[in-house]
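# Coordinates in review
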Amino acid sequence: MDERRDLIVGNWKMHATHLEAIQKIQKLSYRLRPEDFERVEVVVAPPFTALRAAQLVIETDHLPIRLGAQNVHWEDQGAFTGEVSAPMLAKLAVTHVIVGHSERRTLFAETDTIVNRKLKAVIRHGMRPILCVGETLEEREVGSTEEVVVRMVRDGLAGIPPEAVAATAIAYEPVWAIGTGHHADPDDAGAVAELIRGTIRARVGEVADQIRILYGGSVNPGNIKGFMAKRHIDGALVGGASLDPDTFAAVVRYWV
Ligand code: 13P
């Protein structure tokens, strides 16, 4: 039985000042209805500098939109110039934290070990990690998609107890599909999602059925439905199409 509620997350990346964030969140809220939120858990992940403003507008206007962060440091505090910790995010009512995005892995040298430490910090502070995994074009072309994805899932979740694994979402984002306009074939993405669930089931058992698996990579209002129709895909991690509230609302309302 499929009891997993849809999870659609807008990853704004390095876009939007705190003032623009307020506007975007308010516009998004006008375009969504109570039934959308019943069906879909909606998360927006603005840059760190907009989190406080976003928290205030969400609380003041009683919006059912949840707040996500795009990154976190693994220590709670200390001499880590420029970093932001999990307790700082938790205090801002952040509920979800994206961990191990391919841009962080590629541009900021995040390894599976670092990703695993970050995941543990997020869980320690009562938030939900969104662990990003996915193969590059080169890895896909030599046929190592499965191997890469299984390794990232296994190493990312290493040492995390089953009940905490249940709180984690996995985002399958093929690197070649991110920001390119070339989304994956939904059948292929569905097969990788099934592989991810199977990998997690082998480690923690039936808890794996509670985990939400998202697809990410050039998702838009025109292609979201095809991904959501797949048994093991429970949501989407949306980049470019999440920046415009009308477009993002259309992604969230894919089921209407
Ligand atoms: P795009 O939707 O812009 O391809 O970005 C996907 C992504 O990286 C979301 O985290």
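Residues numbered from 1 in each chain as written. Predicted model: local features only at pLDDT ≥ 70, side-chain atom pairs only at ≥ 80, totals over all residues. Heavy atoms only, no water.

## Focus on the environment of Val84
On the secondary structure map, Val84 appears in the loop between strand 3 (66-69) and helix 4 (86-91). Residues Val84 and His73, spaced 11 residues apart in sequence, show a C-alpha to C-alpha distance of 5.7 Å. Sequence-distant contacts of Val84, defined by excluding residues within four places in its chain, comprise Phe48, Val72, His73 and Leu89. (Helix = DSSP H or I, 4+ residues; strand = E, 2+ residues; numbered from the N terminus. Contact = heavy atoms within 4.5 Å.)

## Some details on the packing of helix 1 (residues 18-31) against helix 12 (residues 245-252)
For the pair helix 1 and helix 12, interaxial distance at closest approach is 9 Å and the crossing angle is 45°. With respect to their mutual orientation, helix 1 and helix 12 come out oblique. Note on packing geometry: the crossing formed by helix 1 with helix 12 is right-handed. Contacts from Lys24, Lys27, Leu28 and Arg31 in helix 1 reach Pro245, Asp246, Phe248 and Ala249 in helix 12. Here the residues of the contact of helix 1 with helix 12 are counted per class, giving 4 nonpolar, no polar and 4 charged. (Axes fitted to C-alpha atoms, helices over the stretch in contact; angles between N-to-C directions. Parallel < 35°, antiparallel > 145°, perpendicular 65-115°, else oblique. Left-handed = near helix turned anticlockwise from the far one by under 90°. Nonpolar A, V, L, I, M, F, W, Y, C, P; charged D, E, K, R; others polar.)

## Section: the nonpolar core
Ranked by size, the top nonpolar core spans 73 residues in total, and within it Ile196 and Ile200 carry the most contacts. At 6 residues, the largest contribution of residues to this core is made by helix 10 (residues 186-204). Discounting chain neighbours no more than four positions away, the residues touching Ile200 are Val153, Leu157, Val165, Ile170, Gly205, Ala208 and Ile211. Membership of the second largest hydrophobic core comes to 11 residues, among which are Ala45, Ile98, Cys132 and Leu214. (Core = buried A, V, L, I, M, F, W, Y, C linked by side-chain atoms within 4.5 Å. Buried < 20%, exposed > 50% of the residue type's maximum accessible area, 1.4 Å probe, protein only.)

## Structural notes on the sheet that holds strand 2 (residues 40-45)
Strand order in this closed barrel of 8 strands is 1-2-3-4-5-6-7-8, and the pairing throughout is parallel. Across this sheet, the average inter-strand angle for adjacent strands is 25°, counted without regard to direction. Judged from the 3 bridges that link them, strand 3 and strand 4 (residues 94-99) form a sheet pairing that is parallel. Of the residues in strand 4, the one forming a bridge with Ala69 is Val97. (Pairing = 2+ DSSP bridges.)

## Considerations on the packing of aromatic side chains
One pass over the full model with this rule turns up 2 aromatic pairs. Seen in terms of ring centroids, Tyr215 and Phe227 are 4.0 Å apart; in terms of plane orientation they differ by 5°. Their pairing is stacked. Placement of Tyr215 in strand 7 (residues 212-216) and of Phe227 in helix 11 (residues 224-228) is noted, with a sequence separation of 12 residues between them. The class of Phe227 is buried, set by a relative accessible area of 1%. (Phe/Tyr/Trp six-rings, centres within 6.5 Å; stacked < 30°, edge-to-face > 60°.)

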